[in-house]
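Working through the structure, step by step
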Amino acid sequence: MKPASLISKLFAAKGKGEFTCPEKDKLPRHIAFIMDGNGRWAKRRGLPRSAGHAAGTEALRELIRTVSDIGIESMSIYAFSTENWNRPEEEVQALMKLITRYFVSEIDELIEKNVHITIMGELDAFPEEQKTALVQAMERTKANTGLKLNIALNYGGRAEIVRAARLLAEKCASGEMKPGDIDMDALSEGMYTAGQPDVDLLIRTGGDERISNFLLWQGWYAELIFEKVFWPDYNKQKLFEDLNIYASRDRRFGRVKAQ
Ligand code: FPP
């Protein structure tokens, strides 16, 4: 379908408030989410910020199911950045508990859905109980061949690039490779997402329009969608709307459009 007719389809669907999932060949191979707005969602309801994170976890649960069911290859989510440690102790603790509980309670369903979990970030900074739950989640899903779910925890995009550069430097120092062998593919292989496609679509909820140090390497040509809704209100219908917007975009990767 031509972009113009896709756009008119989009408007018609928006009017009726209903969107269907685009065809498989129009879907991104790798979708990423900056799940912002949990705190404001809670504040509007007179609730503590931790209640927003709990509601955000519910939204995430539903979304993972949908993304897995529609057959997208990779999904990356920003759950806890290296900067988030600077939040009030009480909020950090609440988030830690939620994340650990999520992995313990959801792991059987994720295994059943053939989801492969990768944690992106430095795990050593986490309390022992949480670290164990995270390592087990990766261990138990490592042979799975379905959705690749990358969860950024204690993650920073620049730190990830530095880590990849260090891995390559170590290989050069040990004689495993030569500096001249370093190219973009080699650096990609040093990222947490090694072997996965680059990010095609990055969606940020909560109204802010920035990347915030997320997937800087993988998102070089990502299409961006900034949603006004707070993360706990992001749902399947919103996802389908955004996937239709993505399907209508003209991706040129720096080239001129074929006539
Ligand atoms: C940003 O909202 C959100 C976070 C820092 C945490 C995201 C975490 C979850 C959705 C739940 C847990 C994740 C897993 C993997 C189970 P904010 O607090 O910055 O909101 P604000 O901008 O309104 O203050």
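Residues numbered from 1 in each chain as written. Predicted model: local features only at pLDDT ≥ 70, side-chain atom pairs only at ≥ 80, totals over all residues. Heavy atoms only, no water.

1. Focus on the overall build of the protein chain
Defined as follows: In this text, helices come from DSSP runs of H or I with a minimum length of four residues, and strands from runs of E with a minimum of two, each type numbered from the N-terminal end. Throughout, exposure labels follow a simple rule: accessible area from a 1.4 Å probe, protein chains only, divided by the maximum for the residue type, with under 20% read as buried, over 50% as exposed, and the rest as partly exposed. Any two residues having at least one pair of non-hydrogen atoms within 4.5 Å are treated as being in contact. All accessible areas in this document rest on Shrake-Rupley with a 1.4 Å probe, and a residue is counted as covered only by the protein chains that are shown. Positive charges come from Lys and Arg, negative ones from Asp and Glu, while His and the chain ends are left out of the count. For the purpose of locating charges, the reference atoms are NZ of Lys, CZ of Arg, CG of Asp and CD of Glu.
Broken down by element type, the protein chain carries eight helices and six strands. Counting helices and strands in the order they occur from the N terminus, the protein chain gives α-β-α-α-β-α-β-α-β-α-α-β-β-α. Dimensions along the principal axes, computed over C-alpha positions, put the protein chain at roughly 60 × 55 × 35 Å. Relative to its full complement of 259 residues, the protein chain shows a buried share of 46%. Sequence-distant contacts, at least 24 apart, represent 77% of the contacts inside the protein chain between residues at least 6 apart. Of the roughly 13900 Å² of accessible surface on the protein chain, 52% is carried by carbon and sulfur atoms. Taking the average location of the 37 positive side-chain charges in the protein chain and that of its 38 negative ones, the two points are 5 Å from each other.

2. Here's the deal with the environment of Leu 63
Structurally, Leu 63 is set in helix H3 (residues 49-69). According to the relative accessible area criterion, Leu 63 is buried, its value standing at 1%. Residues Leu 63 and Lys 236, spaced 173 residues apart in sequence, show a C-alpha to C-alpha distance of 6.5 Å. If sequence neighbours within four positions are ignored, Leu 63 has contacts with Phe 33, Met 75, Trp 231, Tyr 234, Asn 235 and Leu 239.

3. Observations regarding a negative patch on the surface
Definition in use: Every patch collects residues that have over 30% relative accessible area and no salt bridge, joining them within 9 Å if they carry like charges and within 5 Å if they are nonpolar side chains (Val, Leu, Ile, Met, Phe, Trp, Tyr). Definition used for salt bridges: Asp or Glu carboxyl oxygen within 4 Å of a side-chain nitrogen of Lys or Arg.
Taken together, the side chains of Asp 181, Asp 183, Asp 185 and Glu 189 present a region of like negative charge at the surface. Tracing the sequence through the fold places Asp 183 in the loop between helix H6 (157-173) and helix H7 (184-189).

4. Details of the site of the ligand
Which entries qualify depends on this criterion: We call a residue near a given molecule or strand whenever any one of its heavy atoms falls within 4 Å of it. Pairs of N or O atoms within 3.5 Å make up the polar contacts considered here, provided that, within protein, one atom can donate a hydrogen while the other can accept it, and that residues adjacent in sequence are counted only when both atoms are side-chain atoms. As a working rule, the residues Ala, Val, Leu, Ile, Met, Phe, Trp, Tyr, Cys and Pro are called nonpolar, Asp, Glu, Lys and Arg charged, and the rest polar, with Gly in that last group.
Close contacts around the ligand come from 19 residues, with Asp 36, Gly 39, Arg 40, Arg 49 and Arg 87 the closest. Between Gly 37 and the ligand, the recorded distance is 3.3 Å, taken from a backbone N or O atom to an oxygen atom. Residue Arg 87 places a side-chain N or O atom 2.8 Å away from an oxygen atom belonging to the ligand. When isolated, the ligand has an accessible area of 630 Å², and the protein chains bury 92% of it. Taken together, the elements giving at least two residues each to the shell around the ligand come down to helix H2 (38-44), H3 and helix H4 (89-112). Counting residues per element, the shell around the ligand draws most heavily on H3, which supplies five residues. By residue class, the composition of the shell around the ligand is eight nonpolar, seven polar and four charged.

5. Regarding the environment of Asn 235
By secondary structure assignment, the location of Asn 235 is in the loop between strand S6 (223-226) and helix H8 (236-248). With a relative accessible area of 35%, Asn 235 lands in the partly exposed category. For the pair Asn 235 and Leu 110, spaced 125 residues apart in sequence, the C-alpha separation works out to 19 Å.

6. Some details on the packing of aromatic side chains
Worth spelling out the cut-off: Pairing of aromatic side chains requires ring centres within 6.5 Å, counting the rings of Phe and Tyr and the six-membered ring of Trp. Pairs whose planes differ by under 30 degrees are stacked, by over 60 edge-to-face, and all others tilted.
This model, assessed by the stated rule, comprises 13 aromatic pairs. Ring centres 5.9 Å apart and planes at 85 degrees place the aromatic pair Tyr 155 and Phe 214 in the edge-to-face group. Taken as a pair, Tyr 155 in strand S4 (residues 148-155) and Phe 214 in the loop between strand S5 (201-204) and S6 lie far apart in primary sequence, 59 residues in all. Of the two residues, Tyr 155 and Phe 214, both sit in the buried class. Judged by centre distance (5.1 Å) and plane angle (65 degrees), the rings of Trp 220 and Tyr 221 are edge-to-face. Classification of Trp 220 as exposed rests on a relative accessible area of 54%.

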